[in-house]
Amino acid sequence: MEVPQEFPLASISPFVPSSSSSPSCYSISPVVARFCFDSERFNELQLQFDRDSENTVLINFDLRTVQLFKLDAVQSLCVSTGETSEEEICSRPITIEFRNEEERRAFHCAFEQWKKEVVDRGSHIANGRVLESRSKFDDKIDASAAKMYFHYYGQLIYQQTMLQDYVRTGTYHAAVIENQADFAGRVVVDVGAGTGILSLFAVQAGAKHVYAVEASEMAECARQLIAGNPLLGQRITVVKGKVEEVELPEKADILISEPMGTLLVSERMLESYVIARDRFLVPNGKMFPTLGRIHMAPFCDEQLYIEIANKALFWQQRNYFGVNMTPLHGNAMEGFFSQPVVDDFDPRLLVAPAISHVLNFASIKEEDLYEIDVPLKFIASMCTLVHGLACWFDVLFNGSTVQRWLTTSPGAPTTHWHQLRCVLPQPLHVMQGQEIVGRLRMIAHSAQSYTIHLTMSVKICGPGAIQGGILLTSPCKLELRDPYYRMSQAPNYSSAEDEQPNQLIQTLVNRFMARRGNINAYPG
């Protein structure tokens, strides 16, 4: 990469956003684009634009800060977040027009290679200047956790799992199509676009242009899917990179994203959604989804409690090949109860009405998501044992025409998020009408998830309650990134289902008897 690389261009001109009615002021042609090193600027890697007939630099971009976007078969958009030379033709981004599509592809390929050279040279050089700056994402997320995260979402098999969640995908499609008035003629940014399906929905609703921002390798699949739908794809630009780092040529009227993880907040993508709002959204612009709610209620499930406790029975062996395993039984119990349970449960297991904690994506600060502290207060509706706290979430698409909710609540159609339950190591016995209090604290960490600190207490009934007395307290600490997935056990929501096993047995008996020639046995 030491030798400069040149590309002849048809022309360059100042970029005019799609939201502007003003035509481009002028263009310069013919032009030569050159990737090179500038020894006078500490071997800085640069992208220069010269007149074809002269050796005068018109524009000089630092490759550390420049972004390149495809506009159509022969046009691309060049955007810089840093300073250019004094010879620049205008302060805003420039449109590059190529002589043919093959030359545009060759230029983009060279651009990616030279950008890779920036990364390969590292972040520090002798004079102390930084070749690549760390983003806010890099500062708060561990590099290994981020690598695993983007690797996971860069695989089509996992994208398929989300696409086949028809409750999720169907609700998004309905929320967009039912609110075409919000999308028609608007600029949209799709935050964490994945396969680009939401971008395609936005264009179906009449969006003028969509910038699909995706940091994982799924960006290439998004390009392929969008190219395979040319009537929609011509209004979509795929931008590979993190929303904390990329630059876009214009502001968005609407943000659309699917930033929800387990318990809404896991994976910490809500923070990226909020950052995208602050960086790209016009004042009073719309966000789909607009807000989220975490719902919580105490539950009773003795079967689940015994199931978790029994996992540690292995460590109660006193003669495991001659070894006493019991010294580690307490550690094992603590480990198993530190796993939140992800499954679908019968809403009849809840022992009190749920309470909610609201996160308004349009106004919340990124820092507010670093620690979420929710006081708990319930009134038991029955006399029972409380085995823990059940949680689920929903999000609102606050469209101008239709307001639509996407819910993960128990008893509702199943989603790939399911519900989450925090199981207490020590259950609490409650009487009907007794007050249950506590606190749910979720603290974000660099592994791109949260540590959950849950405390639940039963207050004394009668005069003691006036004094604020506590009868029994049960605390626990759980890791949201390490759940126990328990979806194999289907919930039993209605008493009518209790008859199904008997019906199945009768059917099997009928088949068996029919094969033996006695087709009149067990009619029905």
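Before reading further, recall that the structure is shown in the block above.
Figured I'd write up the structure that's included with this text. (Residues numbered from 1 in each chain as written. Predicted model: local features only at pLDDT ≥ 70, side-chain atom pairs only at ≥ 80, totals over all residues. Heavy atoms only, no water.)

1. Some remarks on the overall build of the protein
Put simply, the rule is: Every helix listed is a DSSP run of H or I at least four residues long, and every strand listed is a run of E at least two residues long, numbered separately from the N terminus. Under the scheme applied here, a residue whose accessible area is under 20% of the maximum for its type counts as buried, over 50% as exposed, and between as partly exposed, the area being computed with a 1.4 Å probe on protein chains only. Per-residue accessibility takes into account occlusion by the displayed protein chains alone, with areas from the Shrake-Rupley method and a 1.4 Å probe.
Within the protein, the secondary structure is distributed over 14 helices and 24 strands. The 524 residues of the protein split such that 48% are buried. When the accessible surface of the protein is summed, it comes to about 25400 Å², and 52% of that surface belongs to carbon and sulfur atoms.

2. Examining the environment of Phe-397
The cut-off we apply is this: Only heavy atoms enter the contact rule, under which two residues are in contact if any of them lie within 4.5 Å.
Turning to its location among the elements, Phe-397 is positioned in strand β18 (residues 384-398). Between the C-alpha atoms of Phe-397 and Tyr-172, which are 225 residues apart in sequence, the distance is 8.4 Å. Once you skip the residues sitting within four places of it in the chain, Phe-397 turns out to touch Thr-171, Tyr-172, Ala-175, Phe-288, Pro-289, Thr-290, Val-402, Gln-403, Arg-404 and Leu-406.

3. Side note on the sheet that holds strand β9 (residues 187-191)
What counts, and what does not: Any two strands between which DSSP finds at least two bridges are classified as paired. All axes are obtained by fitting lines to C-alpha atoms, using only the stretch in contact for helices, and the reported angles, taken between N-to-C directions, cover 0 to 180 degrees.
One open sheet accounts for five strands, arranged β11-β10-β9-β12-β13; its pairing is parallel. The open sheet has two edge strands with one neighbour each: β11 (236-240) and β13 (281-288). The sheet shows a mean angle of 25° between the axes of neighbouring strands, direction not considered. One ladder, built from five bridges, connects β9 with strand β10 (residues 209-214); its direction is parallel. Residue pairing for β10: Asp-190 is matched across the bridge by Ala-212. Along the sheet, helix α7 (residues 197-204) makes contact with β9, β10, β11 and β12 (252-257), crossing β10 at roughly 170°. Across the sheet, helix α10 (residues 269-280) lies against β9, β12 and β13, angled at about 145° from β13, the strand it touches most.

4. Things to note about the sheet that holds strand β7 (residues 75-80)
The strand order across the open sheet formed by four strands is β2-β8-β7-β6, and the pairing between neighbours is antiparallel. Each edge of the open sheet carries a strand with a single partner, namely β2 (11-14) and β6 (66-72). Averaged over all pairs of adjacent strands, the angle between strand axes in this sheet comes to 25°, irrespective of strand direction. Examined bridge by bridge, β7 and strand β8 (residues 94-97) share four bridges and lie antiparallel to one another. Its bridge partner being in β8, Leu-77 is matched across the sheet by Thr-95.

5. Considering the nonpolar core
If you look at soluble globular proteins, the nonpolar side chains tend to sit buried side by side. What counts, and what does not: Here the nonpolar core consists of buried residues drawn from Ala, Val, Leu, Ile, Met, Phe, Trp, Tyr and Cys, with membership extended through side-chain atoms lying within 4.5 Å.
Ranked by size, the top nonpolar core spans 97 residues in total, and within it Leu-264 and Val-265 carry the most contacts. In this view, Leu-264 contacts Pro-259, Leu-270, Gly-292, Arg-293, Ile-294, Leu-359, Phe-361, Phe-393 and Val-395; residues no more than four positions away in its chain are not counted. Core analysis: the second largest hydrophobic core is formed by 25 residues, Ile-28, Leu-58, Phe-98 and Phe-107 among them.

6. Focus: the packing of helix α5 (residues 166-177) against α7
Note the cut-off: Any angle between 65 and 115 degrees counts as roughly perpendicular, while under 35 counts as roughly parallel, over 145 as roughly antiparallel, and the rest as oblique. Each crossing gets its handedness from the near helix: less than a right angle anticlockwise from the far helix is left-handed, clockwise is right-handed.
Relative to each other, α5 and α7 sit at 30°, their axes nearing to 9 Å. It follows from the interaxial angle that α5 and α7 lie roughly parallel. Handedness of the crossing formed by α5 with α7: right-handed. Contacts from Thr-169, Tyr-172, His-173, Val-176 and Ile-177 of α5 reach α7 at Leu-198, Phe-201, Ala-202 and Gln-204.

7. Description of the packing of aromatic side chains
Geometry of an aromatic ring pair is reported as the spacing of the ring centres plus the angle between the planes. Our working rule: When the centres of two rings from Phe, Tyr and Trp lie within 6.5 Å, Trp using its six-membered ring, the rings pair. Their planes under 30 degrees apart give stacked, over 60 give edge-to-face, and anything left gives tilted. Counted as over-ring charges are cases with an Arg CZ or a Lys NZ within 6 Å of the ring centre that also lie within 35 degrees of the ring normal.
Applying the stated criterion across every chain yields a total of 21 aromatic pairs. With a centroid separation of 5.3 Å and 35° between ring planes, the pair formed by Phe-35 and Phe-107 is classed as tilted. With a gap of 72 residues between them, Phe-35 in strand β3 (residues 31-38) and Phe-107 in helix α1 (residues 101-120) connect regions that are remote in the sequence. This pair shows no difference in class: Phe-35 is buried, exactly as Phe-107 is. With 5.8 Å between their ring centres and 20° between their planes, Phe-35 and Trp-114 make a pair best called stacked. Taken as a pair, Phe-35 in strand β3 and Trp-114 in helix α1 lie far apart in primary sequence, 79 residues in all. Judged by relative accessible area, which is 1%, Trp-114 ranks as buried. Counting every residue linked through ring pairs, the aromatic cluster contains Phe-7, Phe-35, Phe-98, Phe-107, Phe-111 and Trp-114. In this structure, Arg-421 is placed above the aromatic ring of Phe-299, and the distance from its NZ or CZ to the ring centre is 5.0 Å.

8. Details of the pairing of β8
Bridge analysis of β2 against β8 gives four bridges, and the strand direction is antiparallel. Residue pairing across strands places Ser-11 opposite Glu-97, the latter belonging to β8.

9. Quick word on the pattern of salt bridges
Heads up, the condition is: What counts as a salt bridge is simple: a side-chain nitrogen of Lys or Arg found within 4 Å of a carboxyl oxygen of Asp or Glu.
Summed over all chains, the structure comprises 26 salt bridges. The partner of Glu-217 in a salt bridge is Lys-240, with the nearest N and O atoms 3.4 Å apart. With Glu-217 in the loop between β10 and α8 (218-227) and Lys-240 in strand β11, this pair connects stretches of sequence that are 23 residues apart. The residue Glu-271 makes a salt bridge to Arg-268 at a minimum N-O spacing of 2.8 Å. Given the relative accessible area of 1%, Glu-271 is considered buried. With relative accessibility at 7%, the residue Arg-268 sits in the buried group. Residues joined by salt bridges that share partners form a network here, namely Asp-301, Glu-307, Asp-343, Arg-421 and Arg-486.

10. What to know about the side chain of Ser-457
This is how it is decided: Whenever a nitrogen or oxygen atom comes within 3.5 Å of another N or O atom, the pair is scored as a polar contact, on the condition that within protein one atom can donate a hydrogen and the other can accept it, and that pairs from neighbouring residues in sequence are kept only if both atoms are in side chains.
Here Ser-457 shows up in strand β22 (residues 449-459). By relative accessible area, which is 7% here, Ser-457 ends up buried. Side chain to side chain, Ser-457 and Thr-473 meet in a polar contact 2.8 Å long. Non-local contacts of Ser-457, meaning those with residues more than four positions away in its chain, are made with Leu-428, Glu-435, Ile-436, Val-437, Ile-470, Leu-472 and Thr-473.

11. Observations regarding the packing of helix α11 (residues 302-310) against helix α12 (residues 329-337)
The following threshold applies: Three categories are distinguished: nonpolar for Ala, Val, Leu, Ile, Met, Phe, Trp, Tyr, Cys and Pro, charged for Asp, Glu, Lys and Arg, and polar for the others, with Gly belonging to the last.
Taken N-terminus to C-terminus, the directions of α11 and α12 make an angle of 135°; their axes are 9 Å apart at the nearest point. Classified by the angle between their axes, α11 and α12 sit oblique to one another. Between α11 and α12 lies a crossing whose hand is right-handed. Where α11 abuts α12, its residues Tyr-305, Ile-308 and Ala-309 lie against Met-333, Phe-336 and Phe-337. Broken down by class, the residue content of the contact of α11 with α12 amounts to six nonpolar, no polar and no charged.

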